[in-house]
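# Examining the three-dimensional arrangement
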Amino acid sequence: MNDHHSEDPPSAKKLFSIMGIVGSMLLFFIILAITYIPKDREPVEGNIVAMREATLEENTAADQEKLNEVKVIDPNARIFKIPVSDAMDLTAAKLQTPPQ
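Throughout what follows, the structure given in this document is the object of discussion. Everything numeric here is computed off the predicted structure, so don't read it as measured data.

### Observations concerning the packing of aromatic side chains
For the coordinates displayed, the defined rule picks out 1 aromatic pair. Ring geometry for Phe 28 versus Phe 29: centroids 5.3 Å apart, planes at 70 degrees, classification edge-to-face.

### A word on the pairing of strand 1 (residues 71-74)
As paired strands, strand 1 and strand 2 (residues 79-81) are joined by 3 bridges and run antiparallel to one another. Each residue of the ladder has a partner; that of Val 72, found in strand 2, is Phe 80. Counting the residues in the hairpin turn of strand 1 and strand 2 gives 4 residues, including Arg 78, whose phi is positive at 55 degrees.

### Section: unusual backbone geometry
Phi at Arg 78 is positive, roughly 55 degrees, even though this residue is not glycine. When you line up the elements, Arg 78 lands in the loop between strand 1 and strand 2.

### Points about the pattern of salt bridges
Following the criterion strictly, the structure yields 1 salt bridge and no others. Glu 69 is the salt-bridge partner of Lys 81, the closest N and O atoms lying 3.6 Å from each other. Residue Lys 81 is located in strand 2, and its partner Glu 69 is located in the loop between helix 2 (46-67) and strand 1; the two are separated by 12 residues in the primary sequence. Among the residues examined, Glu 69 registers a relative accessible area of 30% and is labelled partly exposed.

Parameters at a glance
Residues numbered from 1 in each chain as written. Predicted model: local features only at pLDDT ≥ 70, side-chain atom pairs only at ≥ 80, totals over all residues. Heavy atoms only, no water. Phe/Tyr/Trp six-rings, centres within 6.5 Å; stacked < 30°, edge-to-face > 60°. Pairing = 2+ DSSP bridges. Helix = DSSP H or I, 4+ residues; strand = E, 2+ residues; numbered from the N terminus. Salt bridge = Lys/Arg side-chain N within 4 Å of Asp/Glu carboxyl O. Buried < 20%, exposed > 50% of the residue type's maximum accessible area, 1.4 Å probe, protein only.

Right under this line is the structure:
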């Protein structure tokens, strides 16, 4: 019996490694090109843009109203909803006064 293993010559291993590296880079650049190639998209119709802008304005106004709202949550427990800016001011003032 012959215990010799058939091994590829070192030059074949190097060539295989180089081909693998080049192939991987080529695949990467192909995926990159496919992903980032600008696509011609149909323009959005004007009425859809106007509708989206109106919805955005409504949502922004509703958000601002909620942020600036003062509301009594539980009068017995003295829980109130106040604007964030007021809460920040009250907290800063409370932290600046020395404890008693």
